[in-house]
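# Remarks on the overall topology
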Amino acid sequence: LLPVRYDRMGIQQDEDCTVNLLTDCQAAVDAFPSADLELGLTGRVPLYLAAQKAFRANHRKFQIISYILVFFIATALFRDVATIMIVGAVPAIGMFWTSGALEWLSIQGNDLTSVVLPVLITMVGLTDGVHLMVVFRKHWTGEKPRFEALQRAIATVGVACLLTSITTAVGFGSLLLARSTPIRDFGLACSVGVLMTFVAVLTIIPALAISRLGKFVRHEKTNHRPFELQKLHRLLNFILHRYRSISILGAVLTILCIGVSLSLKPDARTINALPADSPATLALKHCNESMGGIDFVKITGEFPNSSTQTDIYLLEVINRINDFLSQESLLRHPLSIQTLLDSLGRTSPAESMDYVELLSPSIRNVLLNQSRDQIQIYIRTQDLGAAVYTPVFARLNEKLDKLENAYSGLQLTLSGIPVKSSRDVSLIVYDLVASLGTASIIILLVMIIFYRSWRIGLVTIIPNLFPLALTGALLVATGQNLAIVSVCALAVCIGIAVDDSIHFLTRFRQELEEGNDVESAIRTTFFGVGGALVITTLILISGFATVLISPLPTHRMFSMMACATIGGALIGDLLFLPALLKWMVRQPSDILGNPSMQREDSNRYPE
């Protein structure tokens, strides 16, 4: 292993740190044909360049793939080109407006924002647009003016779209509580994108619907109904007949998944942010296996004064530290003044220290600075992640503290990039978890205030916690830990997952206001909005699933968690939510309050 330092002032292009460097090294090796050497290059700079190259090559491709896939899915579902063009215009305009808003607000972008934000705006714009267009086509029968049908659609769905945008923005806004600047910028950029997309939904769709293009939109009577749920009468009857059992089942499953998720630990690995097949990544794996890794942690020891006796104590301290290190299999190849002296074959401490003066100062001062009464020991670490090394560093710190007590005035400090990364990752992940909890509470309060019912707040807890808990349990089942990207994905999905609940509850409340009893309102809501929920879930999953083909593991992890959370949200809203409503809401007045608040005109803006 040959460490190389870059002369930053002499670098003209990225290739000077990778391809050109390897070319020069290969030329040197070729001068000795008998030397059987294969060269590889790794390190922080080559690894960073490999990740950036993979990102630039793939993020545009994933956007195009997601747009094409969503277009074909929407075409298969609606079979209406005019509707697809109207709905598809929303994410395009939303992305354009968001880019302008981010520039105007001077919000910095980063790799995560560049990948997630376009997909997010596409998915949110399409789902809100689908809900609005489904209602518009149902009201526009070809006999009434489109403007009147559009008014009814906005009155029916517009408020729900506003609430979904607020809750989604709250989910992203919770990232502003993180200590990491890139994560705060990511959360702020996504919040702005969601709100700008909502504005696009309520301006672009009405404008196009009343234009000439709107004349070609098929109304409900002549259009194929995507995802007809009438065949699920038996399932709904089963849910409403056993509503207590299903509600308890949802609560138990949620609690079990939360219990499993609590075993997750903060983690971060360099290799997870790298393309698996890049030469720099392969070289890093080789160094992990054969050389104990390429990163170092450092133990710095400071002694009270300089004397011959101190020199002897110095070597005693080093030997005791080496004993500690020998007990940790993940800490390899300690390099100290003692190991350097041992290579000379001298074992007596007093005799060995005489050879220190013979060493070059540039070498000696790295390991022993006699003018400062300071020693340094370098230990190799592998790229196994913070979850693996955090307990190792904790045990080593505990032993160093005991050694300090044995030698008066001795100060020992453990430092290095792996130590700092382990500490920083834990702080960032716990910050994100705290912000996620804050977002959940705020969303719950928004729901209670908006619907003016604490029962609604209680009913939404299980359907909205279940997908998050399920995703956490899935991480444990697949052997993953809680990385920064994992918590960001949960923050992204908590706002999206609650959207389906909002559309379901809004329609349910409208049915109660029409004078229906609770069970009839649940049935009408299930068959009225269930199809749209399935459509939007398929669109969201198909959009996020395109990132699964990314060569970067962090992107694949984000995609997997998003798909799992959104799929779990559909289960919660079509299985647990009807059962909980049947159990918690016994009569319309439990939600509407005074019966006189119910609508007298039962035909006013029905969905």
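Residues numbered from 1 in each chain as written. Predicted model: local features only at pLDDT ≥ 70, side-chain atom pairs only at ≥ 80, totals over all residues. Heavy atoms only, no water.

Below, the discussion takes up the overall build of the chain. Helix and strand counts for the chain come out as 20 helices and five strands. For the chain, buried positions account for 51% of its 607 residues. Of all intrachain contacts in the chain linking residues separated by at least 6 positions in sequence, the fraction that spans at least 24 positions is 80%. On the chain, roughly 28,300 Å² of surface is accessible, and the fraction owed to carbon and sulfur atoms is 60%. (Helix = DSSP H or I, 4+ residues; strand = E, 2+ residues; numbered from the N terminus. Buried < 20%, exposed > 50% of the residue type's maximum accessible area, 1.4 Å probe, protein only. Contact = heavy atoms within 4.5 Å. Areas by Shrake-Rupley, 256 points an atom, 1.4 Å probe, with all protein chains shown as cover.)

Here we take up the packing of helix α8 (residues 243-261) against helix α19 (residues 553-584). One can describe the packing of α8 onto α19 by two numbers: an axis separation of 8 Å at closest approach and a directional angle of 125 degrees. Between α8 and α19, the crossing angle belongs to the class labelled oblique. The way α8 lies across α19 gives a crossing that is left-handed. In contact with Y243, R244, I246, S247, I248, G250 and L253 of α8, α19 contributes L575, F576, A579, L580, K582 and W583. Looking at side-chain class alone, the contact of α8 with α19 contains nine nonpolar, two polar and two charged residues. (Axes fitted to C-alpha atoms, helices over the stretch in contact; angles between N-to-C directions. Parallel < 35°, antiparallel > 145°, perpendicular 65-115°, else oblique. Left-handed = near helix turned anticlockwise from the far one by under 90°. Nonpolar A, V, L, I, M, F, W, Y, C, P; charged D, E, K, R; others polar.)

Let us now look at the packing of helix α7 (residues 233-241) against helix α18 (residues 518-545). To characterise two packed helices, one gives the angle between the axes of the helices and the distance between these axes. The geometry of α7 relative to α18 is characterised by a closest axis approach of 11 Å and an angle of 145 degrees between their N-to-C directions. The handedness of the crossing between α7 and α18 is right-handed. In contact with H233, L236, N237 and L240 of α7, α18 contributes E519, I522, R523, F526 and F527.

On to a nonpolar patch on the surface. A surface patch of nonpolar side chains, amounting to about 410 Å² of accessible area, comprises I248, L249, V252, L253 and L256. Mapped onto the secondary structure, I248 falls in helix α8. (Patch = residues over 30% accessible without salt bridge, like charges linked within 9 Å, V, L, I, M, F, W, Y side chains within 5 Å. Salt bridge = Lys/Arg side-chain N within 4 Å of Asp/Glu carboxyl O.)

Further remarks concern α7. For α7, every residue scored as buried is listed here: L236, I239 and L240. Relative to the axis of α7, the buried residues are bounded by an arc of 90 degrees and lie together on one face. Exposed side chains of α7 directed beyond 90 degrees from the buried face belong to R234 and H241. Looking at the buried residues of α7, the elements they touch are α8, α18 and α19. (Arc of directions from axis to C-beta.)

A word on the environment of D267. Relative to the elements of secondary structure, D267 occurs in the loop between α8 and α9 (279-291). The buried category is assigned to D267, whose relative accessible area is 11%. When the C-alpha atoms of D267 and L384 are compared, they prove to be 9.2 Å apart, with 117 residues separating the residues in sequence. Dropping the residues within four chain positions of it, D267 is found in contact with G385, A386, A387, V425, N481, L482, A483 and I484. From its side chain, D267 meets the backbone nitrogen of A386 in a polar contact 2.9 Å long. (Polar contact = N/O pair within 3.5 Å; in protein donor to acceptor, adjacent residues only side chain to side chain.)

All told, the structure shown has four aromatic pairs when counted by the stated rule. Each ring, one from F296 and one from Y378, has its centre 6.2 Å from the other, and the planes form 90 degrees; the classification is edge-to-face. Remark: Y378 occurs in strand β4 (residues 374-381) and F296 occurs in strand β1 (residues 295-302); sequence separation between them is 82 residues. When the ring of F466 is compared with that of F576, the centres are 5.3 Å apart and the planes differ by 85 degrees; the resulting orientation is edge-to-face. Of the two residues, F466 sits in helix α16 (residues 454-477) while F576 sits in helix α19, which places them 110 residues apart along the sequence. (Phe/Tyr/Trp six-rings, centres within 6.5 Å; stacked < 30°, edge-to-face > 60°.)

Attention now moves to the nonpolar core. By size, the foremost hydrophobic cluster in this structure holds 107 residues, and its most contacted members are F136, M447, F508, F544 and L581. The contact partners of F136, leaving out residues within four places of it in the chain, are R146, A149, L150, A153, A209 and V217. With 32 residues, the next largest nonpolar core counts L341, Y378, F393 and L414 among its residues. (Core = buried A, V, L, I, M, F, W, Y, C linked by side-chain atoms within 4.5 Å.)

Looking now at α18. Of all the bends found along α18, the most pronounced is centred on V529 and spans about 40 degrees. When you tally the buried positions in α18, you get 20 out of 28 residues, the bulk of the element. With a side-chain oxygen positioned 3.1 Å from the backbone nitrogen of E519, the residue opening α18 is D517. (Bend = angle between axes of the 7 residues up to and from the residue.)

In this structure, R380 sits in strand β4. Within the buried core, R380 has no salt-bridge partner, and the shortest N-O distance to an opposite charge, that of D295, equals 8.3 Å. A distance of 3.1 Å separates a polar atom in the side chain of R380 from the backbone oxygen of G293. In this view, R380 contacts L1, M291, G292, G293, I294, D295, F296, L330, L331, R332 and H333; residues no more than four positions away in its chain are not counted. (Lys, Arg positive; Asp, Glu negative; His and termini not counted.)

The subject of this paragraph is the side chain of N288. Checked against the element boundaries, N288 lands in helix α9. Of the polar contacts made by the side chain of N288, one reaches the backbone nitrogen of D383; its length is 3.2 Å. Other than its neighbours up to four places away in sequence, N288 contacts G293, Q382 and D383.

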